[in-house]
Amino acid sequence: MTDNLFQSFALNDTLELSNRIAMAPLTRCMADDNLVPTQAMADYYAKRAQTGLIISEATIIRPDGQGYPNTPGLFSAEQIAGWKKVTDAVHSKGGKIFAQLWHTGRVAHPHFFGGGDVLAPSATLVEGTVPRMRDLTYVTPKAASKDDIAQLVADYATAAANAIEAGFDGVEIHGANGYLIDQFLHHDANKRDDEYGQTPENMARFPLAVVDAIAEAIGWHKTALRISPGAYFNMAGDARDGDVFKYLLGELEQRQLAYLHLGLFDDSMEFDYLDGNATDFVRRHYSKTLMGVGGYTAETGSQAIEDNRFDLVAIGRPFIANPDYIEKVRQGDELTPYSDEMLAELV
Ligand code: FNR
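Residues numbered from 1 in each chain as written. Predicted model: local features only at pLDDT ≥ 70, side-chain atom pairs only at ≥ 80, totals over all residues. Heavy atoms only, no water.

(A) Structural context of the sheet that holds strand S5 (residues 97-102). Strand order in the closed barrel formed by eight strands is S3-S4-S5-S10-S11-S12-S15-S16, and the pairing between neighbours is parallel. Each adjacent strand pair in this sheet contributes to an overall mean axis angle of 30°, direction not counted. Two strands pair when backbone bridges link them, and strand S3 (residues 21-23) and strand S16 (residues 312-315) are joined in this way by three bridges, in the parallel orientation. The partner of Met23 across the bridge, within S16, is Ile315. Lying on the sheet, helix H1 (residues 39-46) is in contact with S3, strand S4 (53-60) and S5; it crosses S4 at an angle near 150°. (Pairing = 2+ DSSP bridges. Helix = DSSP H or I, 4+ residues; strand = E, 2+ residues; numbered from the N terminus. Axes fitted to C-alpha atoms, helices over the stretch in contact; angles between N-to-C directions. Contact = heavy atoms within 4.5 Å.)

What follows is the structure, given as structure tokens:
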């Protein structure tokens, strides 16, 4: 019933996945205090190496991108060495792993990087507190200057090169879930009146600059992107957002990403400005390799691939609860249900 999940899938001429299941990026807040991946993280990822593609937990490109405690980085030699242990452990078990590159933009907190500006497209505040650290209230960000933007693009490219040095098979740019890149793409967070705001072309300029700079640094075959056309986390939707994503998808169609990934917790959500479901919206406007996600089981994921809604399925929470998810699904064994308490420990 889930046979199509266990077919190999070529992302391109150089990257072949042994099955169509990806492990979704899952922040675990378990890096050490220098944001270096630990041996426990290497063990955790290696246990899941049978997955067609592991996408790492979101990994910050530079200190001011941090919005959660103990999230790993890819900007210091120590962090690169720490990740090398992870990628070696995954590769030694025959797996493949991409690094998810992250800057949290307006939900970064100066507490994590010793003070200074929080950068975002515009000075729009998110009401609320840092998850897992309820005493830290979000601050009003500074609208990034053109120099800030140029530096951010360069720092994304450096982090991508660092990921390759650390042995990753590629990178997934975190352009989803209300973080920096997504903030440029939604009117709720982008109020700029320069060439980075107001029109679809302007709002997509920074995201596309990051994509192009990374592809230039490491190659298109190693570059992937995650996006959230439907605003659902730290972001309000706007009727005009649909046109921004149509434009972005048209531009991406002309590029050669390894894959495009939806950023969603629940793929049954509907968005009026996308004429319904976000995945189906992307499929209508983008014909290349698409990874779906959000509440899937092996059975429903297999069916969605069969129905040609997407090509690969990412599984998140079930992988936290079942390190041996792939084997269990292959054998038809019962899965351990996920619960939030499982986040306290890396298993
Ligand atoms: C997530 N998700 C997520 N997404 C992302 O792009 N980067 C990340 O680091 C994280 N971190 C993260 C941590 C935890 C604990 C959860 C539960 C989720 C979202 C994740 O990749 C996925 O989209 C959702 O979990 C929905 O898929 P499932 O869990 O329904 O299969």
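Still more ground to cover, so stick around.
(B) Expanded view of the side chain of Asp148. By secondary structure assignment, the location of Asp148 is in helix H3 (residues 146-165). One polar contact links the side chain of Asp148 to the main-chain amide nitrogen of Ser145, over a distance of 2.8 Å. Apart from residues lying up to four places away in sequence, Asp148 is in contact with Leu119, Lys142 and Ala143. (Polar contact = N/O pair within 3.5 Å; in protein donor to acceptor, adjacent residues only side chain to side chain.)

(C) Broad picture of helix H9 (residues 298-306). Buried within H9 we find Ala298, Gly301, Ser302, Ala304 and Ile305. The buried residues of H9 all sit within an arc of 160° when viewed along its axis, so they share a single face. Packed against the buried residues of H9 are S16 and helix H11 (325-331). Asn308 occupies a position one or two residues after H9 and carries a positive phi of about 65°. (Buried < 20%, exposed > 50% of the residue type's maximum accessible area, 1.4 Å probe, protein only. Arc of directions from axis to C-beta.)

(D) Just the site of the ligand, in detail. Taken together, 19 residues surround the ligand, and among them Thr27, Arg226, Leu264, Gly295 and Arg317 come closest. Residue Leu264 places a main-chain N or O atom 2.7 Å away from an oxygen atom belonging to the ligand. The protein chains hide 93% of the 610 Å² of surface that the ligand would expose on its own. Residues belonging to the shell around the ligand are distributed by class as follows: ten nonpolar, seven polar and two charged. (Near = heavy atom within 4 Å. Areas by Shrake-Rupley, 256 points an atom, 1.4 Å probe, with all protein chains shown as cover. Nonpolar A, V, L, I, M, F, W, Y, C, P; charged D, E, K, R; others polar.)

(E) Molecular detail of the packing of helix H7 (residues 241-253) against helix H8 (residues 278-285). At a minimum axis separation of 9 Å, H7 and H8 run at an interaxial angle of 45°. Comparing their axes, H8 and H7 come out oblique. The handedness of the crossing between H7 and H8 comes out as right-handed. Between H7 and H8, the contacting residues are Gly242, Phe245, Lys246, Leu249 and Glu253 on the first element and Phe281, Val282 and His285 on the second. Taken together, the residues of the contact of H7 with H8 sort by class into four nonpolar, two polar and two charged. (Parallel < 35°, antiparallel > 145°, perpendicular 65-115°, else oblique. Left-handed = near helix turned anticlockwise from the far one by under 90°.)

(F) Expanded view of the pairing of S5. Of all the six residues making up S5, six are buried; the element is thus mostly covered by neighbouring parts of the structure. Neither face of S5 is open: one carries Ile97, Ala99 and Leu101, the other Phe98, Gln100 and Trp102, and all of them are buried. Bridging between S4 and S5 involves five bridges; their strand directions are parallel. Bridging from a neighbouring strand, Ile54 pairs with Ile97 of S5. As a crossover connection, the stretch from S4 through helix H2 (residues 77-92) into S5 is right-handed. (Right-handed = clockwise from strand over helix to strand, strands pointing away.)

(G) The environment of Ile61, seen in detail. Topologically, Ile61 is positioned in the loop between S4 and H2. According to the relative accessible area criterion, Ile61 is buried, its value standing at 3%. A C-alpha to C-alpha distance of 24 Å links Ile61 and Gly95, two positions 34 residues apart in sequence. Excluding anything up to four places from it in sequence, Ile61 contacts Phe75, Leu101, Trp102, His103, Leu152, Asp155, Tyr156 and Ala159.

(H) Structural context of the nonpolar core. Phe206 and Leu260 are the most contacted members of the largest nonpolar core, which totals 99 residues. Looking at this core element by element, the count peaks at seven residues for H3. Not counting chain neighbours up to four residues away, the residues in contact with Leu260 comprise Leu225, Ile227, Leu249, Leu252, Val282, Tyr286, Thr289, Leu290 and Met291. In terms of nonpolar packing, the next biggest core, distinct from the first, is built from 17 residues, Trp102, Val126, Val130 and Tyr138 among them. (Core = buried A, V, L, I, M, F, W, Y, C linked by side-chain atoms within 4.5 Å.)

(I) Summary view of the pattern of salt bridges. For the coordinates displayed, the defined rule picks out 16 salt bridges. The residue Asp212 makes a salt bridge to Arg255 at a minimum N-O spacing of 2.8 Å. Residue Asp212 is located in helix H6 (residues 205-218), and its partner Arg255 is located in the loop between H7 and strand S12 (260-262); the two are separated by 43 residues in the primary sequence. Classification of Asp212 by relative accessible area gives partly exposed; the value is 29%. For Arg255, a relative accessible area of 14% translates into the label buried. With a closest N to O distance of 3.7 Å, Lys328 and Asp324 form a salt bridge. Judged by relative accessible area, Asp324 falls into the partly exposed class, the value being 36%. Each of Arg62, Asp64 and Asp155 takes part in salt bridges that share partners, so that together they form one network. (Salt bridge = Lys/Arg side-chain N within 4 Å of Asp/Glu carboxyl O.)

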